[in-house]
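# Secondary and tertiary structure notes
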Amino acid sequence: MTKGKIILIAVIVVLAGLLVYLGPEKYLNLEFIKSQLDTLVDYREANPILAILVYAGIYIACTAASIPGALVLTLLGGAIFGFAIGSFVVLVSATIGATIAFLVARYLFEDLVANKMGERVAKIRESFKKEGALYLFSMRLVPVIPFFAINLLMGLTSIRTVVFFAASLIGMAPGTMVFVNAGTQLAKLDSVQGLLSPTLIASFVLLAVFPYVAKFALKAIRKRYVGSEEA
């Protein structure tokens, strides 16, 4: 067994232990988050660095283990840390967690993932062969395939880890910022009148139009990329 695989297994064991200890399925719901929001904000104000590290650790663990709850965690990031810091922490944490899942699929569970995903594997490989990193970027920008499935399937392609990390980071940035921004506004709801605030309305408008804007941008990028390749 190579040194890299040993390190990867050690990381998995640590993350699994963290998840078992925390039992995230009990807490990754909006009702619980809202009920504890004041306490969490107070903790962040008293321990800003530690709060970021704990939050990032939970986000990475849940993402690496493909546990549902990323949306709630992203909204929470905006509510606790604000837009700028929240966007940065969420984006980096999500990308690290995705990369761990990607490496696990590639080096430890390739056969299992291939059997589970079936025909999708051949399609992903063929599409990646045609478009390269742009294909992963497009899936991150407009997530038609579930987030966890992208991580596992891309592990079965020839994409380099550093390219996977970079394309995921850039591709997920717009969507992450939209949801973190929504989280900052949802945290301020303390009355029915708050539902009519311009900033909150703007956040929901962004959530609604983002998929269409992303598709338009992706079409333009693809056209330019493919055009330059053919030239």
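All figures in this text were calculated on a predicted structure; none of them were measured in a lab.

## Re the overall build of the protein chain
Within the protein chain one finds twelve helices and zero strands. Each helix and strand of the protein chain, ordered N terminal to C terminal, gives the series α-α-α-α-α-α-α-α-α-α-α-α. When the accessible surface of the protein chain is totalled, it reaches about 13,200 Å², and 69% of it is carbon and sulfur.

## As for the confidence of the model for the protein chain
Averaged over every residue, the pLDDT of the protein chain is 77; residues scoring 70 or more account for 69%. Ranking the elements of the protein chain by mean pLDDT puts helix 1 (residues 3-22) last, at 62, and helix 6 (residues 83-107) first, at 93.

## A word on the environment of Val113
Within the fold, Val113 resides in helix 7 (residues 110-117). Given a relative accessible area of 7%, Val113 falls into the buried group. For the pair Val113 and Ala149, spaced 36 residues apart in sequence, the C-alpha separation works out to 9.4 Å. Setting aside its immediate chain neighbours within four residues, Val113 contacts Ala105, Leu152 and Leu156.

## Concerning a nonpolar patch on the surface
A cluster of nonpolar residues, Tyr43, Ile49, Leu50, Leu53 and Val54, forms a patch on the protein surface that exposes about 480 Å² of accessible area. Examining the composition of the nonpolar patch, we find that four residues originate from one element, helix 4 (residues 48-64), more than from any other. Take Tyr43: it is sitting in helix 3 (residues 37-46). For Tyr43, a relative accessible area of 37% translates into the label partly exposed.

## Quick notes on the packing of helix 4 against helix 5 (residues 70-81)
Contact pair helix 4 / helix 5: the axes reach a minimum separation of 11 Å and the direction vectors enclose 170°. Here helix 4 lies roughly antiparallel to helix 5, going by the angle between them. For helix 4 against helix 5, the interelement crossing comes out left-handed. Residues Ala51, Ile52, Tyr55, Ile58, Tyr59 and Cys62 of helix 4 form the contact with helix 5, whose participating residues are Ala70, Leu73, Thr74, Leu76, Gly77 and Phe81. For the contact of helix 4 with helix 5, a count of residues per class yields ten nonpolar, two polar and no charged.

So, how was this worked out
Residues numbered from 1 in each chain as written. Predicted model: local features only at pLDDT ≥ 70, side-chain atom pairs only at ≥ 80, totals over all residues. Heavy atoms only, no water. Helix = DSSP H or I, 4+ residues; strand = E, 2+ residues; numbered from the N terminus. Areas by Shrake-Rupley, 256 points an atom, 1.4 Å probe, with all protein chains shown as cover. pLDDT = per-residue confidence, 0-100. Buried < 20%, exposed > 50% of the residue type's maximum accessible area, 1.4 Å probe, protein only. Contact = heavy atoms within 4.5 Å. Patch = residues over 30% accessible without salt bridge, like charges linked within 9 Å, V, L, I, M, F, W, Y side chains within 5 Å. Salt bridge = Lys/Arg side-chain N within 4 Å of Asp/Glu carboxyl O. Axes fitted to C-alpha atoms, helices over the stretch in contact; angles between N-to-C directions. Parallel < 35°, antiparallel > 145°, perpendicular 65-115°, else oblique. Left-handed = near helix turned anticlockwise from the far one by under 90°. Nonpolar A, V, L, I, M, F, W, Y, C, P; charged D, E, K, R; others polar.

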